[in-house]
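Inside the fold
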Amino acid sequence: KARNSKDRPFVLSRSFFAGSHRYGAIWTGDNDGTWPHLKSTIPMLLSLQISGMIFSGADVGGFFGNPQHSGSLLARWYQAGAFQP
């Protein structure tokens, strides 16, 4: 491809630096499928977004743990995930 192409790769990272918002998305890392981790996800994402990292998100349902044992927990994860890019 030509060097002046406007196509850019999709970059997903857990670490970032000043100006990273121009190049990719931020993922909050592996979280647990529990109520405390769901509760901490919301202020974490809002803090990232207010600092300019607007394309950020978390693992919906958690990466560790199994929220299937609690249907209401998994439903809340999906509800919160609907507002994450």
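A brief structural summary.

Each value, and the rule that gives it
Residues numbered from 1 in each chain as written. Predicted model: local features only at pLDDT ≥ 70, side-chain atom pairs only at ≥ 80, totals over all residues. Heavy atoms only, no water. Helix = DSSP H or I, 4+ residues; strand = E, 2+ residues; numbered from the N terminus. Rg over C-alpha atoms; globule rule 2.2 N^0.38 Å. Buried < 20%, exposed > 50% of the residue type's maximum accessible area, 1.4 Å probe, protein only. Contact = heavy atoms within 4.5 Å. Polar contact = N/O pair within 3.5 Å; in protein donor to acceptor, adjacent residues only side chain to side chain. Arc of directions from axis to C-beta. Axes fitted to C-alpha atoms, helices over the stretch in contact; angles between N-to-C directions. Parallel < 35°, antiparallel > 145°, perpendicular 65-115°, else oblique. Left-handed = near helix turned anticlockwise from the far one by under 90°. Nonpolar A, V, L, I, M, F, W, Y, C, P; charged D, E, K, R; others polar.

**Examining the overall build of the chain**
The secondary structure content of the chain amounts to two helices and three strands. Element order for the chain, N to C, with α for helix and β for strand: β-β-α-β-α. Expected size for 85 residues packed as a compact globule is a radius of gyration near 12 Å; at 15 Å, the chain overshoots this value by more than 25%. Its C-alpha atoms put the chain at 50 × 25 × 20 Å along the principal axes. Residue burial in the chain is summarised as follows: out of 85 residues, 27% are buried. Pairs at least 24 residues apart make up 59% of the contacts formed inside the chain by residues separated by at least 6 positions.

**Here we look at the side chain of glutamine 84**
Along the polypeptide, glutamine 84 turns up in the segment after α2 (71-81). Within the local environment of glutamine 84, its side chain forms a polar contact with the backbone nitrogen of alanine 58, the two atoms lying 2.9 Å apart. Each residue touching glutamine 84, except ones within four places of it in the same chain, is listed here: Thr41, Leu45, Ser56, Gly57, Ala58 and Val60.

**Re the environment of alanine 18**
Turning to its location among the elements, alanine 18 is positioned in the loop between β1 (12-13) and β2 (25-27). Assessed through its relative accessible area of 76%, alanine 18 is described here as exposed. Distance from alanine 18 to threonine 28, taken between C-alpha atoms, is 17 Å for residues 10 residues apart in sequence.

**What to know about α2**
Of all the residues in α2, the buried ones are Leu73, Trp77, Ala80 and Gly81. Take α2 and look down its axis: the buried residues cluster within an arc of 100°, on one side only. Exposed residues pointing more than 90 degrees away from the buried face of α2 are listed as Gly71 and Tyr78. Tucked into the core, α2 has its buried residues touching α1 (35-50).

**Remarks on the packing of α1 against α2**
Here α1 crosses α2 at 15°, and the two axes come no closer than 11 Å. The pairing of α1 with α2 is recorded here as roughly parallel in orientation. Seen along the crossing, α1 lies across α2 with a hand that is left-handed. Seen from α1, the contacting residues are Trp35, His37, Leu38 and Thr41; seen from α2, they are Ser72, Leu73, Arg76, Trp77 and Ala80. Across the contact of α1 with α2, the residue classes break down as five nonpolar, three polar and one charged.

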